[in-house]
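# Structure at a glance
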Amino acid sequence: YRSAAFYFYLCQRYNLTLREVDVLKLLERHEGAAAIASILTISPATAKTHMRNIYTKLDVHSQNELNQFLDAERSSFRLE
């Protein structure tokens, strides 16, 4: 429940699509574009496009920055 609420919050705050959230969850597991494409049954190019959009919307530039960003967002996230 809390996890779903957190991802909904990210969608609202950062204008992420539901598919971008699917990709984001896999990025959190350190999956690469090829694995993401296979898991979500999309092309590797589409996976890379989603990844690029996520990085742009969240203003991060690396996997490490993404992890730090998500850690910070989780620590400040509150269910109301």
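Each remark here, short or long, concerns the structure printed above.
Predicted, not measured: the structure shown is a model, and the values here were computed from it.

Rules of the game
- Residues numbered from 1 in each chain as written.
- Predicted model: local features only at pLDDT ≥ 70, side-chain atom pairs only at ≥ 80, totals over all residues.
- Heavy atoms only, no water.
- Core = buried A, V, L, I, M, F, W, Y, C linked by side-chain atoms within 4.5 Å.
- Buried < 20%, exposed > 50% of the residue type's maximum accessible area, 1.4 Å probe, protein only.
- Helix = DSSP H or I, 4+ residues; strand = E, 2+ residues; numbered from the N terminus.
- Phe/Tyr/Trp six-rings, centres within 6.5 Å; stacked < 30°, edge-to-face > 60°.
- Salt bridge = Lys/Arg side-chain N within 4 Å of Asp/Glu carboxyl O.

### Comments concerning the nonpolar core
Ranked by size, the top nonpolar core spans 27 residues in total, and within it L10, L16, L24, L27, I36, L58 and L66 carry the most contacts. Counting residues per element, this core draws most heavily on helix α1 (residues 2-14), which supplies 6 residues.

### Brief notes about the packing of aromatic side chains
In this structure the tally under the stated criterion is 5 aromatic pairs. An angle of 75° between the planes, with centres 5.5 Å apart, marks the rings of F6 and F77 as edge-to-face. On the criterion of sequence distance, the pair formed by F6 in helix α1 and F77 in the segment after α5 (63-76) is long-range, its members being 71 residues apart. Taking the relative accessible area as the measure of exposure, F6 reaches 3% and is therefore buried. Residue class for F77 comes out buried when judged on its relative accessible area of 8%. Centre to centre, the rings of Y9 and F77 are 5.2 Å apart; their planes meet at 45°, and the pair counts as tilted.

### Quick look at the pattern of salt bridges
Under the counting rule described, the total for this entry stands at 5 salt bridges. In this structure, R13 and E73 form a salt bridge, with 3.6 Å as the shortest nitrogen-oxygen distance. Placement of R13 in helix α1 and of E73 in helix α5 is noted, with a sequence separation of 60 residues between them. Classification of E73 by relative accessible area gives buried; the value is 9%. For R19, the salt bridge identified is with D22, shortest N-O distance 3.3 Å. Here R19 and its partner D22 are both found in helix α2 (residues 18-28), 3 residues apart, which amounts to about one turn of the helix.

Read these as spatial facts, not as claims about activity.
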